[in-house]
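A structural walkthrough
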Amino acid sequence: MSTLRHVRSQWVRPERTATPSVTIVVPARNEARNLEVVLPQLPAVHEILVVDGHSSDDTADVVRRVRPDARLLQQTRRGKGNALAVGFENATGDVVVMFDADGSADADEIPAYVAALEAGADFAKGSRVLAAGGSEDITVLRDAGNRGLTLVVNTLFRTRYTDLCYGYNAFWRDILPVVSVPASAGADPVWGDGFEIETLINCRIAAAGLVIHEVPSVEKERIHGESNLNTFRDGFRVLRTILRERLRRGGASPRGIEPPVVEVPAAEVLPQGLRTDHVDLTVASAAAEDPTERERQHRADDAQRERHAVAPEPRRLAPTSQEAR
Ligand SMILES: Nc1nc2c(ncn2[C@@H]2O[C@H](COP(=O)(O)OP(=O)(O)OP(=O)(O)O)[C@@H](O)[C@H]2O)c(=O)[nH]1
Ligand SMILES: [Mg+2]
C-alpha cells in the first residue's frame, strides 16, 4: 500500500506528444474464430499485442496467419487481468487501447478514444450509457449490476462514471505507475488477475485525481463462442475490488498531480467522420486539503458542471434477447 501511495505522490503528468503512437492490447482466450474477423479490422498502428490465455483452440495460429504484424504474447497466470498486465508491460506506444477479441469492440471507435487523450484526458473510458453509446451484448441483469456498481464507485470515489464495467478503454502509457496493475512475474494468482482488473484501474485512476473523459461506445454482440465472465462471481469480485480500493486509498491525498485539464472540445468530428464527443469526468480530488488547491478544484468543478450542462444525457441500454444467459 505504501509503495503505491509513494508512486502516486511522485507522479506528475509528463509532457506529451501531439501525435501519440498507439498500442492495441488484445486479451484472447479461445477466440480463434473471432480473431479471424477482428484482427483484420484493426488499423495499422504502432503495435498490436495479442495476449493469449492458454487457449486450447488455434488462437495463436490465427494471429500469426491473419495478422503477422501483431506480436503474440503468452500470459503468465490465469484471467483477463493478468493478460492485460502482460500486454501493458510489453507495450511501447504512447497510448494503450484495451480491445476485446470477441468482436464486441468496434475498431472504428479507436480514433475517438485517442482524440479524447489528445484533448487532455489521462484516461479515455468507454461508455455504453452515453447518448451515442449502446450495447447489443449486455443482459438486463448485467446492466442492473453495472448500474449498481457504478453508483457505488461514484459515491465512494466522487466520480461521475456512467459505465464502470466496460472494458473498452484507452490511456496514456505514462499513467501505468499510478494504476500499478499486478506484475506479470510469479505463478501464484494475484488479486487483479481476473475481470476485476478494469474496476481496479477505474478506482485507482479516480483516487489519483487523473483526468477522465468518457467516450460513447457501442458494444456489439460477441461473434462466436461463450463469455468467460460469470455474472455473480465476477460481480462480487468487482464489488470487493471497489471496497478494497476505497480502503487502500484511506482518504490519503494524492500529491504532485497536476490540476485537471478543463478545456475539453465537445462533439468534434474527425476526418474519418467519427464522433469524438466525450465527457470530462475529472475527479473532484480528495487531495484538496490546502485552500489554494481547494479553490482550484472548485473552479475546475464549476467549469465541469457547465460542460455537463451540455453533455450528452445518459440513456438506458437496450435490453437484449440474451437476458436469460
Ligand atoms: N488472455 C486472456 N484473455 C481473456 C481471459 N478471459 C477473458 N479474456 C478475453 O477478454 C475479453 C473479454 O472477455 P469476455 O469473455 O468476452 O467477457 P466480457 O466481454 O467481459 O463479457 P461479455 O459481455 O459476456 O462478453 C475477450 O477477448 C476474452 O477472450 C483470460 O483468462 N485470458
Ligand atoms: Mg465480451
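Residues numbered from 1 in each chain as written. Chains lettered and ligands numbered in written order. Predicted model: local features only at pLDDT ≥ 70, side-chain atom pairs only at ≥ 80, totals over all residues.

**With respect to the overall build of the protein**
Check the secondary structure of the protein and you find ten helices and ten strands. By the burial criterion, 47% of the 325 residues in the protein qualify as buried. (Helix = DSSP H or I, 4+ residues; strand = E, 2+ residues; numbered from the N terminus. Buried ≥ 20, exposed ≤ 12 C-beta atoms within 10 Å, placed from the backbone.)

**Things to note about the site of ligand 1**
In the vicinity of ligand 1, 23 residues are found, and the nearest of them are Gly53, Ala83, Ala101, Ser227 and Asn228. Counting only elements with at least two residues in the shell around ligand 1, the list comes to strand E1 (22-28), strand E2 (47-52) and helix H4 (80-90). For the shell around ligand 1, the residue count by class is seven nonpolar, seven polar and nine charged. (Near = placed C-beta within 6 Å. Nonpolar A, V, L, I, M, F, W, Y, C, P; charged D, E, K, R; others polar.)

**Notes on helix H5 (residues 110-118)**
Every α-helical turn comprises 3.6 residues, leaving residues that sit three or four positions apart pointing alike. Counting buried positions over the nine residues of H5 gives seven, a clear majority of the element. Packing partners of the buried residues in H5 comprise E1, strand E4 (95-98), strand E5 (123-127), strand E7 (169-172) and strand E8 (212-216). Just downstream of H5 lies glycine 120, where phi reads positive at about 125°. (Contact = placed C-beta atoms within 7 Å.)

**Topic: the environment of proline 20**
Among the structural elements, proline 20 can be located in the loop between helix H1 (2-10) and E1. Those residues within four positions of proline 20 in sequence are excluded, and the remaining contacts are Asp94, Val95, Val114, Leu117 and Glu118.

**Looking at the pairing of E5**
With respect to burial, E5 is a largely interior element, five of its five residues being buried. Side chains Phe123, Lys125 and Ser127 of E5 all project onto a buried face; the interleaved residues Ala124 and Gly126 project onto the opposite face, where all are buried too. Pairing between E5 and E7: three bridges, direction antiparallel. Bridge assignment links phenylalanine 123 to a residue of E7, and that residue is phenylalanine 171. Both E5 and E8 contribute to a ladder of five bridges, which runs parallel. Across the sheet, serine 127 pairs through a bridge with proline 216, a residue of E8. (Pairing = 2+ DSSP bridges.)

**Observations concerning the nonpolar core**
Core analysis: the biggest nonpolar cluster contains 69 residues, and Val25, Val26, Val97, Tyr113 and Ala170 have the highest contact counts within it. Excluding residues that lie within four positions of it along the chain, valine 25 makes contacts with Leu49, Val51, Leu84, Gly87, Phe88, Ala91, Val96, Val97, Met98 and Phe99. (Core = buried A, V, L, I, M, F, W, Y, C linked by C-beta atoms within 7 Å.)

**Structural notes on unusual backbone geometry**
The backbone phi angle of histidine 54 is positive, close to 50°, even though this residue is not glycine. Examined against the element boundaries, histidine 54 turns out to sit in the loop between E2 and helix H3 (59-66). For arginine 158, which is not a glycine, the phi torsion comes out positive at approximately 55°. For arginine 158, the position within the fold is in the loop between helix H6 (140-157) and E7.

**Overview of the confidence of the model for the protein**
Taken over all residues, the pLDDT of the protein has a mean of 82, while the share at 70 or more is 74%. Every residue in residues 251-277 is under pLDDT 50, and counting partners more than four places away or in other chains gives 64 contacts. Counting contacts from residues 282-291, a segment whose pLDDT is below 50, to residues more than four positions away or on other chains yields 29 contacts. (pLDDT = per-residue confidence, 0-100.)

**Some thoughts on the packing of helix H2 (residues 32-41) against H3**
The interhelical angle for the contact between H2 and H3, taken along N-to-C directions, is 25°, at an axis separation of 9 Å. Overall, the two elements H2 and H3 adopt an arrangement that is roughly parallel. Taken as a pair, H2 and H3 cross one another with a handedness that is right-handed. Judged by residue contacts, Ala32, Leu35, Glu36, Leu39 and Pro40 of H2 engage Thr59, Val62, Val63 and Val66 from H3. Broken down by class, the residue content of the contact of H2 with H3 amounts to seven nonpolar, one polar and one charged. (Axes fitted to C-alpha atoms, helices over the stretch in contact; angles between N-to-C directions. Parallel < 35°, antiparallel > 145°, perpendicular 65-115°, else oblique. Left-handed = near helix turned anticlockwise from the far one by under 90°.)

**Some points on the environment of serine 55**
On the secondary structure map, serine 55 appears in the loop between E2 and H3. Residue serine 55 is classed as partly exposed on the basis of its C-beta count, with 18 C-beta atoms lying within 10 Å. Each C-alpha atom of the pair serine 55 and glutamate 31 lies 8.0 Å from the other, and the pair is 24 residues apart in sequence. Those residues in contact with serine 55 that sit more than four places away from it in its chain are Ala28, Arg29, Asn30 and Ala60.

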